[in-house]
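Inside the fold
Chain by chain, the residues:
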Amino acid sequence: MFCCTVNVSYPLTALTCDHLCVQIYLQLRHYTCPNEQRWIVRILFIVPIYSFDSWLSLLFFSNESYYVYFNTVRDCYEGECMSGSNVFDQQSVTEDVIRVVYKDVEVV
């Protein structure tokens, strides 16, 4: 059962990483709004890194010493990405509020 899980999870992880690398490339290629796209690229990086780390922790699940380190790195990265996502959300909402309240003011 465990071998089947690892064999199924690897192609899905590879597919996810390939797809998200293309999405990140397209965001960087059409880099027209740096204030927003910088945060979007950071959020897009969550998926391939998190899936690769999850696959590694599944691969080394039987060895407790490696498993703990992979989970710790994944949890720290998840916290960093969540804080980045919150900053992006706050920045987007603030810009929208300024546009509605102060119609003549340009948001930088």
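For every chain, the first residue of the written sequence is number 1, and numbering continues from 1 onward in sequence order. Totals for whole chains, interfaces and linings use all residues, but because this is a predicted model, local features are given only for residues with pLDDT of at least 70 and pairs of side-chain atoms are given and counted only at 80 or more. Just so you know, side-chain values use all the structure's heavy atoms and leave hydrogens and water out.

Considering the packing of aromatic side chains
Spelled out, the test is: Note on aromatic contacts: the rings of Phe and Tyr and the six-membered ring of Trp form a pair at centre separations within 6.5 Å, being stacked when their planes are under 30 degrees apart, edge-to-face when over 60 apart, and tilted otherwise. Numbering goes from the N terminus for both helices and strands, where a helix is a DSSP run of H or I of at least four residues and a strand is a run of E of at least two. Distance and angle both matter: a charge sits over a ring if NZ of Lys or CZ of Arg is within 6 Å of the ring centre and within 35 degrees of the ring normal.
Using the criterion set out here, one finds two aromatic pairs in the structure. Relative to W55, the ring of Y10 has its centre 5.1 Å away and its plane inclined at 50°; by these criteria the two rings are tilted. With Y10 in helix α1 (residues 2-29) and W55 in helix α3 (residues 46-59), this residue pair connects regions lying 45 residues apart in the sequence. Judged by centre distance (6.1 Å) and plane angle (35°), the rings of F52 and W55 are tilted. On the criterion of helical spacing, the pair formed by F52 and W55 is a turn pair, its members being three residues apart in helix α3. An aromatic cluster of three or more residues is present, and its members are Y10, F52 and W55. Across the ring face of W39, the terminal group of R42 is positioned such that the distance to the ring centre comes to 4.6 Å. The ring of Y50 has R74 lying over it, and the distance from NZ or CZ to the ring centre is 5.5 Å.

Looking at the side chain of R74
Threshold: Relative accessibility decides the category of a residue: with a 1.4 Å probe and only protein chains considered, values under 20% of the type maximum give buried, values over 50% give exposed, and everything between is partly exposed. When charges are counted, neither His nor the chain ends are considered; positive counts come from Lys and Arg and negative counts from Asp and Glu. Take a side-chain nitrogen of Lys or Arg and a carboxyl oxygen of Asp or Glu: if they are within 4 Å of each other, that pair is a salt bridge. Contacts are assigned to residue pairs that have any heavy atoms within 4.5 Å of one another.
Its place among the elements puts R74 in helix α4 (residues 64-101). In this structure R74 is buried but unpaired, with D75 as the nearest side chain of opposite charge at 4.5 Å. Aside from chain neighbours lying at most four places away, what touches R74 is Y50, D53, S54 and S57.

Let's talk about the side chain of D53
Relative to the assigned elements, D53 resides in helix α3. Buried and unpaired, D53 has no salt bridge, with R74 as the nearest side chain of opposite charge at 5.1 Å. Not counting the four nearest positions on each side in its chain, D53 is found in contact with F70, V73 and R74.

Here's the deal with the environment of D75
Secondary-structure assignment places D75 in helix α4. What makes D75 partly exposed here is its relative accessible area of 46%. Once the C-alpha coordinates of D75 and Y50 are considered, the two residues, 25 residues apart in sequence, prove to be 9.2 Å apart.

Comments concerning the confidence of the model for the protein
As a reminder, the rule being used: One number per residue, pLDDT, summarises how confident the predictor is, and it ranges from 0 to 100.
For the protein, per-residue confidence averages 81 on the pLDDT scale, and 87% of positions sit at 70 or higher. Between the elements of the protein, mean pLDDT differs from a low of 79, seen in α4, to a high of 87, seen in α1.

Structural notes on α3
Definition in use: The span expected for a helix works out to 1.5 Å for each residue beyond the first.
Along its 14 residues, α3 runs 20 Å from first to last C-alpha, staying within 8% of the 20 Å computed at 1.5 Å per residue. For α3, the complete set of buried residues consists of P48, S51, D53, W55, L56 and S57.

So, the packing of helix α2 (residues 34-44) against α3
Packed helix pairs are characterised by how far apart their axes lie and by the angle those axes make with each other. Rule in force here: Angles run from 0 to 180 degrees between N-to-C directions of axes, and those axes are lines fitted to C-alpha atoms, restricted for helices to the stretch in contact. By definition in this entry, angles of less than 35 degrees are roughly parallel, angles greater than 145 are roughly antiparallel, angles of 65 to 115 are roughly perpendicular, and the rest are oblique.
One can describe the packing of α2 onto α3 by two numbers: an axis separation of 4 Å at closest approach and a directional angle of 15°. The angle between the axes of α2 and α3 places the two elements in the roughly parallel class. The segment α2 lies against α3, with R42, I43 and L44 engaging I46, V47 and P48.

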